[in-house]
Amino acid sequence: MWLFLAFLSIPLIEIALFIQVGGLIGLWPTLAIVILTAILGTWLVRSQGALAIANLRESFSDLRDPTEHLAHGAMILFSGALLLTPGFFTDAAGFALLAPPVRSAVYRWARKRVKVQKFEMGAQPGHRAPPNSGRAGRNDVIDGEYTEVDPTKRPTHEPPSGWTKH
């Protein structure tokens, strides 16, 4: 029901805002504002997204819980969708989600309402993967043999099929 109300009320709010703003400043300035906010929003989403990815990589390399960084990345992605949607209300919500304090507040609000059953990342300390498990440990040595292939070797079929370059 909440989703239905959102899909019904948001376009109505946007239409009302377009009429009000367009009546105050005119059609072309209103359209210019919508286009400029989309361009500015795209640039901000790109820069904030790059920071979020860097933070996520850092949390993975430090073996810390990446949940908050993943949530921030999802909120940045959602803000990008809001900013690319024409309208003043969606632009305001999108720009608000680009602010790190707002994202942190939304994350804390959502964290209180979502329960994570289990979180694992990597092997447990002191735990080694069993042999032939497909995961090599850091101290495993992989032994192998190789044979050099002569690059001048030509195929034996004549004439060339046209499918290969010989």
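Criteria and cut-off values
Residues numbered from 1 in each chain as written. Predicted model: local features only at pLDDT ≥ 70, side-chain atom pairs only at ≥ 80, totals over all residues. Heavy atoms only, no water. Helix = DSSP H or I, 4+ residues; strand = E, 2+ residues; numbered from the N terminus. Buried < 20%, exposed > 50% of the residue type's maximum accessible area, 1.4 Å probe, protein only. Areas by Shrake-Rupley, 256 points an atom, 1.4 Å probe, with all protein chains shown as cover. Axes fitted to C-alpha atoms, helices over the stretch in contact; angles between N-to-C directions. Parallel < 35°, antiparallel > 145°, perpendicular 65-115°, else oblique. Left-handed = near helix turned anticlockwise from the far one by under 90°. Contact = heavy atoms within 4.5 Å. Nonpolar A, V, L, I, M, F, W, Y, C, P; charged D, E, K, R; others polar. Salt bridge = Lys/Arg side-chain N within 4 Å of Asp/Glu carboxyl O. Lys, Arg positive; Asp, Glu negative; His and termini not counted.

Caption draft 1: Main features of the overall build of the chain. The secondary structure content of the chain amounts to 5 helices and 0 strands. Order of helices (α) and strands (β) in the chain, N terminus to C terminus: α-α-α-α-α. Going through the 166 residues of the chain one by one, you find that 18% of them count as buried. A total accessible area of about 13900 Å² is found for the chain, and carbon and sulfur atoms account for 65% of it.

Caption draft 2: Looking closely at the packing of helix α2 (residues 27-61) against helix α4 (residues 88-98). Their axes nearest at 11 Å, the elements α2 and α4 cross at an angle of 20°. With respect to each other, α2 and α4 are oriented roughly parallel. In this structure, α2 meets α4 at a crossing whose hand is left-handed. On α4, the residues touching T30, I33, V34, T37, L40, G41, L44, V45 and Q48 of α2 are F88, D91, F95 and L98. Taken together, the residues that form the contact of α2 with α4 break down as 8 nonpolar, 4 polar and 1 charged.

Caption draft 3: Structural detail: the pattern of salt bridges. Tallied over the full model, the rule gives 2 salt bridges. For the salt bridge of E58 with R64, the shortest nitrogen-to-oxygen distance reads 3.5 Å. For R64, a relative accessible area of 36% corresponds to the partly exposed category. Residues joined by salt bridges that share partners form a network here, namely E58, D62 and R64.

Caption draft 4: Just the side chain of D91, in detail. By the secondary structure assignment, D91 is in helix α4. The charged side chain of D91 is buried without a salt bridge, its nearest counter-charge being R103 at 15 Å. With sequence-adjacent residues up to four places away left out, D91 is seen in contact with T37, L82, L83 and T85.

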